[in-house]
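Chain residues, written in single-letter form:
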Amino acid sequence: MRNLCMTVNYDGTRYNGFQTQPDGNTIQDHLEKAIASIIGEKPKIHGSGRTDAGVHAIGQVFHFLTESTVPAERWPLALNGRLPKDIIVTNAREVHLDFHSRRSAKRKTYRYTINANQYPNVFLRHMQLHHPGKLNIEAMREALSHFIGTHDFTTFASKHSEKQSHIRTIYEARLEVDYSMTRPDTRDQGILHFYITGSGFLQHMVRIIMGTLVQVGEGKHAPDAISNMIAAEDRSEAGPTAISKALTMWGVHYEEFNT
C-alpha cells in the first residue's frame, strides 16, 4: 500500500467547494473520478481543508492510499488529462503511511483580495471583492494586527460551526497593496491582498474577519475594537461574512515540505 500526496490548484467559481456534498460538483468529486479512471476503483481522498463554494486554491493538498504502481512523478500529467481545465494537479509525491493532509498540517495560509479601484477588473472579477468606495487602508492594516496570537475565535466563526474548540493561533497577518493597475487622478486605491497564516481556521473564519475589516475601512469600527470583539466570543459582535469568490487557499505548511 502506498500513500500518495498531491497538490492541486483550482478556480472554484463553478464548484460547490472542495469536499464532497450531496449535490455533487465538488473538487473532490472530480479528483476521485479522475483517479478512479487510472487505478480502476474509486479512492477516498483526504484534503488539507475544506473550501466553501466559490473559493479558490493555490496549493490545496490531498492524499489517498493506493496499491497502484504508477510512479508519483507521472500522476500530475495523467490526472490533468482527465480533469476539467480549471482544476490542475501540480505535484505528486509518495509519503509515509501515517501522513495525513489535514492532521499533519502545521500552518495554513489564506489570501483575500479586495479591488479598491473605481472599476472592477473584467478579467479577475471572479477572484476579487470590488469595493469602489473610499477605504481607510491603514486602519485596516492596524486592525489586522490585532488578530495575531492565540485566541478563542467564536466571534469570527459561523454559528453553525461544529468544532468543540474555537481556539486557534494566527501566526502572521499582513496586507500588501498592488498599485500597478491604479490610474492617476482618480479615486483608485489599488488591489488589497490580505494574507492570514494560522494553525487552522474555523468555518467562514477568514471571510468573517474580512467582512469586519471592510467595516473598519469604512469607518464603522475603530481598529482597536477587534480585541474587544474577540474577547466577547459572540458572533453578533463581528461584521458580515464577506463573499467567497475573493478567497484563495494560498498554501499548506508541513514539517516534511511546504506547498
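Everything discussed here concerns the structure shown above.
Reading the values: rules and limits
Residues numbered from 1 in each chain as written. Predicted model: local features only at pLDDT ≥ 70, side-chain atom pairs only at ≥ 80, totals over all residues. Heavy atoms only, no water. Buried < 20%, exposed > 50% of the residue type's maximum accessible area, 1.4 Å probe, protein only. Helix = DSSP H or I, 4+ residues; strand = E, 2+ residues; numbered from the N terminus. Pairing = 2+ DSSP bridges. Salt bridge = Lys/Arg side-chain N within 4 Å of Asp/Glu carboxyl O. 1 Å grid on protein atoms, 1.4 Å probe; cavity = no way out; pocket = protein on both sides within 12 Å on 5 of 7 lines; lining within 4 Å. Points joined across faces, edges and corners; volume = space filled by probe spheres on them. Expected span 1.5 Å × (residues − 1).

Visitor: Sorry, what's going on with the pairing of strand E3 (residues 56-66) here?
Guide: In summary, the side chains of a regular strand alternate between the two faces of the sheet. Extensive coverage of E3 is indicated by the burial of nine of its eleven residues. With nine bridges joining them, strand E1 (residues 2-10) and E3 adopt antiparallel strand pairing. Looking across to E3, one finds that Met 6 is bridged to Phe 62. Of the strand pairs in this sheet, strand E2 (residues 46-47) and E3 are connected by two bridges, and their pairing is antiparallel. The residue of E3 that forms the bridge with Gly 47 is Phe 62. Of the strand pairs in this sheet, E3 and strand E10 (residues 247-253) are connected by two bridges, and their pairing is parallel. Counterpart to Ala 57 in the pairing with E10 is Met 249.

Visitor: I keep staring at the pattern of salt bridges and nothing clicks. Help me out?
Guide: Pairs may arise between side chains of opposite charge once their charged atoms sit close together. One pass over the structure, following the stated rule, counts ten salt bridges. Glu 218 serves as the salt-bridge partner of Lys 220, at 3.2 Å between the closest nitrogen and oxygen. For Lys 220, a relative accessible area of 56% puts it in the exposed group. Members of the salt-bridge network, linked through shared partners, are Glu 172, Arg 174 and Glu 176.

Visitor: What is the right way to look at the layout of surface pockets in this model?
Guide: A water-sized probe rolled over the atoms picks out the places where empty space is left. Considered as a void within the structure, the largest pocket measures approximately 1200 Å³ in volume. Every residue lining the largest pocket is counted, 38 residues in all, and those nearest its centre are Gln 19, Gly 49, Arg 50, Lys 163 and Phe 201. Taken together, the elements giving at least two residues each to the lining of the largest pocket come down to E2, strand E5 (107-115) and helix H4 (205-217). With three residues, the single largest contributor to the lining of the largest pocket is H4.

Visitor: Help me understand H4, please; the structure alone is not making it clear to me.
Guide: For an α-helix, 3.6 residues make a turn, and residues three or four places apart therefore share a direction. Between its first and last C-alpha, H4 extends 18 Å over 13 residues, near the 18 Å set by a 1.5 Å rise per residue. Counted residue by residue, H4 has 13 buried out of 13 residues, so it is predominantly covered. Just downstream of H4 lies Gly 219, where phi reads positive at about 85 degrees.

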